[in-house]
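The lines below spell out each chain.
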Amino acid sequence: MNKTIYRLSAIAAALLIACSCGNDWLDLESSTAISTDSSVKVLQDCKASLNGIYSTMQNAYAYSGRLVYYGDAAGDDMQSYKATSRTADVYLFGYTQNTVKESYWLYPYSLISACNTVLEQIDNIETSETEFLNYYKGQALALRGMFLFDLTKLFGYPYKKDNGASLGVPIVTEVLDRNAKPSRNTVAECYTQIIKDLTDGIALMNTKTGNSFHKGWINRPAALSLLSRVYLYHGDDAKALSTAQEAISAAESKGYALWTNAEYNNAWAVDVDASAPGETLFEIVNLTDDSPGKEALGYLYNDYGYYDILCTSSFYSLLSSDPDDVRLSVAPISPKRTKRVFIKKYAPQGSETISDANIRLLRLSETYLNAAEAAMKTGDNTLAAEYLNAIVSRANPANSVSADEITLDRIMTERRKELVGEGHRFFDALRDGGYVERYDVSIKAISSTKHLVMSDEKKKFNWDYDHCVLPVPVGEIDANPNIKQNPGY
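Residues numbered from 1 in each chain as written. Predicted model: local features only at pLDDT ≥ 70, side-chain atom pairs only at ≥ 80, totals over all residues. Heavy atoms only, no water.

J.: Residues and numbers for the overall build of the chain, please.
T.: Within the chain one finds 20 helices and 6 strands. Taking 23 Å as the expected radius of gyration for a compact globule of 489 residues, we find that the chain reaches 21 Å, a close match to that expectation. Structurally, the chain occupies a C-alpha span of about 65 × 50 × 45 Å along its principal axes. Looking at the chain as a whole, 61% of its 489 residues are labelled buried. Contacts in the chain between residues far apart in sequence, at least 24 positions, make up 73% of those at least 6 positions apart. If you sum the accessible surface of the chain, you get close to 17700 Å²; carbon and sulfur atoms cover 48% of it. Within the chain, the 61 negative side-chain charges are centred at a point lying 6 Å from the centre of the 48 positive side-chain charges. (Helix = DSSP H or I, 4+ residues; strand = E, 2+ residues; numbered from the N terminus. Rg over C-alpha atoms; globule rule 2.2 N^0.38 Å. Buried < 20%, exposed > 50% of the residue type's maximum accessible area, 1.4 Å probe, protein only. Contact = heavy atoms within 4.5 Å. Areas by Shrake-Rupley, 256 points an atom, 1.4 Å probe, with all protein chains shown as cover. Lys, Arg positive; Asp, Glu negative; His and termini not counted. Charge placed at Lys NZ, Arg CZ, Asp CG, Glu CD.)

J.: Lay out the packing of helix α6 (residues 130-155) against helix α10 (residues 220-234) in plain terms, naming residues and giving numbers.
T.: Where α6 meets α10, the axes come as close as 11 Å, and the angle between the chain directions of the two elements is 30°. One element, α6, and the other, α10, form an angle in the roughly parallel class. Seen along the crossing, α6 lies across α10 with a hand that is left-handed. Side by side, α6 and α10 meet where Ala142, Met146, Phe149 and Lys153 of the first sit next to Ala223, Leu226, Arg229, Val230 and Tyr233 of the second. When its residues are assigned to classes, the contact of α6 with α10 shows 7 nonpolar, no polar and 2 charged. (Axes fitted to C-alpha atoms, helices over the stretch in contact; angles between N-to-C directions. Parallel < 35°, antiparallel > 145°, perpendicular 65-115°, else oblique. Left-handed = near helix turned anticlockwise from the far one by under 90°. Nonpolar A, V, L, I, M, F, W, Y, C, P; charged D, E, K, R; others polar.)

J.: Let's hear about the pairing of strand β4 (residues 359-363): which residues, and what values?
T.: Side-chain direction in a regular strand flips from residue to residue, so the side chains alternate between the two faces of the sheet. The buried fraction of β4 amounts to 5 of the 5 residues, a majority that puts the element mostly inside the structure. Taken together, the 4 bridges between strand β2 (residues 280-284) and β4 define a ladder with antiparallel strand orientation. For phenylalanine 282, the partnering residue across the bridge sits in β4 and is leucine 362. (Pairing = 2+ DSSP bridges.)

J.: Break down empty space enclosed by the protein for me, citing the residues and quoting the values.
T.: Counting across every chain of the model gives 8 cavities of 30 Å³ or more. Size it by volume and the largest cavity reaches roughly 240 Å³. In terms of lining residues, the largest cavity is bounded by 16 residues, among which Tyr63, Leu67, Asp150, Lys153 and Arg229 are the most central. Counting only elements with at least two residues in the lining of the largest cavity, the list comes to α3 (66-73), α6, α10 and β4. Along the lines of polarity and charge, the residues of the lining of the largest cavity split into 9 nonpolar, 2 polar and 5 charged. In this model, the second largest cavity occupies a volume close to 130 Å³. (1 Å grid on protein atoms, 1.4 Å probe; cavity = no way out; pocket = protein on both sides within 12 Å on 5 of 7 lines; lining within 4 Å. Points joined across faces, edges and corners; volume = space filled by probe spheres on them.)

J.: Please set out helix α17 (residues 408-419) residue by residue, giving values where relevant.
T.: For α17, built from 12 residues, the straight-helix expectation of 16 Å at 1.5 Å per residue is met to within 8% by its first-to-last C-alpha distance of 16 Å. Within α17, burial applies to Ile411, Met412, Thr413, Glu414, Arg415, Lys417, Glu418 and Leu419. (Expected span 1.5 Å × (residues − 1).)

J.: Which residues make up the layout of surface pockets, and what are the values?
T.: Its volume calculated, the largest pocket comes out at about 390 Å³. Lining the largest pocket are 15 residues, and of these Asp409, Met412, Arg416, Arg425 and Tyr435 sit closest to its centre. Contributions of two or more residues to the lining of the largest pocket are made by α17 and α18 (425-430). For the lining of the largest pocket, the element with the highest residue contribution is α17, accounting for 5 residues.

J.: Outline the packing of aromatic side chains, listing residues and values.
T.: Applying the stated criterion across every chain yields a total of 31 aromatic pairs. Look at tryptophan 259 and tyrosine 264: their rings are 6.0 Å apart centre to centre, the planes differ by 75°, and that puts the pair in the edge-to-face class. Look at tyrosine 301 and tyrosine 346: their rings are 5.3 Å apart centre to centre, the planes differ by 70°, and that puts the pair in the edge-to-face class. Highlighted residues: tyrosine 301 in the loop between α13 (297-300) and β3 (309-311) and tyrosine 346 in the loop between α14 (313-319) and β4, separated in sequence by 45 residues. Members of the aromatic cluster, connected to one another through ring pairs, are Tyr70, Phe93, Tyr95, Tyr104, Phe426, Phe427, Phe461 and Tyr465. Above the ring of tyrosine 104, the side-chain terminus of arginine 66 is found at 5.9 Å from the ring centroid. Residue placement shows arginine 86 over the ring face of tyrosine 306; its charged tip is 3.9 Å from the ring centre. (Phe/Tyr/Trp six-rings, centres within 6.5 Å; stacked < 30°, edge-to-face > 60°. Lys NZ or Arg CZ within 6 Å of the ring centre and 35° of its normal.)

Below, the structure written as structure tokens:
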């Protein structure tokens, strides 16, 4: 195994030890790290090991920051505030194989390594609490599928570009030894593994425990929602529809529900629990004494924080075309940074600050949009309108969409409005052969919001643009002769 991937297991163990001790909300025993081959021997240690995985996900270089904002900064609905902002290298596509942040490769693989350690040993645990054991195993599988999905999106071209024939990333499903030198699998092979991990995990979690709310932990409704998204990316529209419907049914039977129009603005600051989970299917839980602090999304996206990334004038023009759209409440014109619009979805819970805001990775709103898109693509306009109207009418109760007038473009536009700032736009724009288009709109209220200077190829592009995928970090290329670089780097 090359030295870069090999050190991930050691890094993963160190990260789990360093990051997991403050998560009192999981009510764990003292063991919180995957550090030796004998560590996952009892059920409580397995639970603690999963806690370490979730704690590593909290990192600002993982799901409290970089792995989420990439999808916003690389798109056309948000832009870096200035060329020296943290998000600027993504927004300006300024990375090379020598300068790309290694964390895009490092963190997902360290998390996969931790999942593999759990999965390698969990079947050796002797316990009568098989339902909990299956839930823990199901989580590890679903999370491994999620991490591989994100790696594939970052380093591999969209599946539909060539039916997955191009290179994705190495598939790693076991604890590797020092001499292993894995090659990159194709995007198609990656999707096969992603779908298998998610479906296997979902099957194991199909119990009362696995379907129930567990704060900060993925469960079956959340994994189903993620799988419906994966199917859309893969072009399995009928499966995307049935999976989204199953996710909605499973979630709503356990008390999850779309926020109402009246709830929407304040819902982002609500610290959800089992009695009222709202539409938060899966979130990263950040606490005052256990968060990435000012490098997290709450601070990066806020005009009272680092004001690192903001809405484009073109997106604000789209959203404000309906002045009664409730979603304008989380995209206000800043009183501090005049004529600029910042997304306020990363709101602090309780007495915490914006640095400690939770990160909602999967929401029921997306699941409805997944169902609407899949229904439209399978020719059921009536069903598509039904699911889309749940979102349209929530945004403004005076609005609705009929089966006669619904289009795929209308659904994707609603997806932009609903999911802005949550890391989707770049991938949504390209996955079906569409394009990212960056242009300025003259709006008096935010007329000072202009795109930074960039070449024409960065202003409008589709999946044929070489830089729509990241380069493999040069350290990985140098260490492993079996790893091939992406075109254009």
